[in-house]
Amino acid sequence: MNVLLVEDDPFKEEAIGIALNEIVVVERIVCARAVQTAVESVCAASYDLIILDIALPSHDRTLGVGNPKSMPSGGVEVLLELNRLGRNDAVLIVTQYPEVEIWGELVRLPEVISRLSEEVSVNLIGIIHFDQSNTNWRVNFDRFIGGVS
């Protein structure tokens, strides 16, 4: 399985990577930690699975380039790019927040998929609330990833 993991939190990235490798055989994993690198990765290749955080920085921190801008709905930019490209990569949203910002409005997690589906035509397979103090995220993650492999 070829995977794009879009996540800026190192702890969450590690936890997701471990869980992913316990469920499926990962041939290749590309990590992107900002909107710019995620969009570049989507333009460069297709993936069996994209694991996407929604709140992301605008670009990677690089000396001499300036500080990244916090983008509470940065992951939506990745979905818009997938839509523009007409791609069907499976996308699983994993967020640590109970609500996500979509076009300036806070949307509760159970409503996110239907709300995004009104605006973009992408293969959203689900959304998971990542909570390191609770194993429910892992149960849901296993279920979604098992359906993709």
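A brief structural summary.

Cut-offs and rules
- Residues numbered from 1 in each chain as written.
- Predicted model: local features only at pLDDT ≥ 70, side-chain atom pairs only at ≥ 80, totals over all residues.
- Heavy atoms only, no water.
- Axes fitted to C-alpha atoms, helices over the stretch in contact; angles between N-to-C directions.
- Helix = DSSP H or I, 4+ residues; strand = E, 2+ residues; numbered from the N terminus.
- Parallel < 35°, antiparallel > 145°, perpendicular 65-115°, else oblique.
- Left-handed = near helix turned anticlockwise from the far one by under 90°.
- Contact = heavy atoms within 4.5 Å.
- Nonpolar A, V, L, I, M, F, W, Y, C, P; charged D, E, K, R; others polar.
- Core = buried A, V, L, I, M, F, W, Y, C linked by side-chain atoms within 4.5 Å.
- Buried < 20%, exposed > 50% of the residue type's maximum accessible area, 1.4 Å probe, protein only.
- Polar contact = N/O pair within 3.5 Å; in protein donor to acceptor, adjacent residues only side chain to side chain.
- Phe/Tyr/Trp six-rings, centres within 6.5 Å; stacked < 30°, edge-to-face > 60°.
- Lys NZ or Arg CZ within 6 Å of the ring centre and 35° of its normal.
- Arc of directions from axis to C-beta.

### A short note on the packing of helix α2 (residues 35–44) against helix α3 (residues 74–85)
Step number 1: Close contact between α2 and α3 brings their axes to 9 Å; oriented N to C, the two are set at 20°. When the interaxial angle is binned, α2 and α3 end up roughly parallel. Our pair here, α2 against α3, has a crossing hand that is right-handed. Between α2, through Val35, Ala38, Val39, Val42 and Cys43, and α3, the contact on the second element is made entirely by Gly74, Glu77, Val78, Glu81, Leu82 and Leu85.
Step number 2: For the contact of α2 with α3, the class distribution of residues is 8 nonpolar, 1 polar and 2 charged.

### Quick look at the nonpolar core
Step number 1: Of all hydrophobic cores here, the largest spans 28 residues; its most connected members are Leu4, Val6, Ile50, Leu79, Val112 and Leu116.
Step number 2: In contact with Val6, not counting residues within four places along its chain, are Ala32, Ala38, Ile50, Ile51, Leu52, Asp53 and Leu56.
Step number 3: If you look at the next biggest cluster of nonpolar residues, it comprises 20 residues, including Ala19, Ala90, Val94 and Phe144.

### Overview of the side chain of Asp53
Step number 1: Along the chain, Asp53 turns up in the loop between β3 (49–52) and β4 (56–57).
Step number 2: Within polar-contact distance, the side chain of Asp53 engages the side chain of Lys12 at 3.5 Å.
Step number 3: Leaving out residues up to four positions away in the same chain, Asp53 has contacts with Val6, Glu7, Asp8, Lys12, Gly75, Val94 and Thr95.

### With respect to the side chain of Ser41
Step number 1: Along the chain, the position of Ser41 falls in helix α2.
Step number 2: Its relative accessible area of 12% is what places Ser41 among the buried residues.
Step number 3: Discounting residues that sit within four places of it in the chain, Ser41 has contacts with Leu4, Val30, Ala32 and Tyr47.

### Considering the packing of aromatic side chains
Step number 1: Tallying each qualifying case throughout the model produces 3 aromatic pairs.
Step number 2: Residues Phe11 and Phe130 carry aromatic rings whose centres are separated by 6.4 Å and whose planes lie at 70° to one another, so their mutual orientation is edge-to-face. Note that Phe11 is positioned in helix α1 (residues 10–23) and Phe130 in the loop between β9 (123–129) and α5 (136–148), a separation of 119 residues in sequence.
Step number 3: Between Phe130 and Trp137 the ring centres are 4.7 Å apart and the planes differ by 50°, which places this aromatic pair in the tilted class. The exposure classification of Phe130 matches that of Trp137, with both residues buried.
Step number 4: Chaining the aromatic ring pairs together yields one cluster made of Phe11, Phe130, Trp137 and Phe141.
Step number 5: Over the face of the ring belonging to Phe144 we find Arg143, whose NZ or CZ atom lies 4.5 Å from the ring centre.

### Some details on α2
Step number 1: Within the sequence span of α2, burial applies to Val35, Thr37, Ala38, Ser41 and Val42. In a view along the axis of α2, the buried residues occupy a sector of 165°, so they form one face of it.
Step number 2: Buried positions along α2 lie against β1 (2–6), β2 (28–32), β3, β4, β5 (70–71) and α3.

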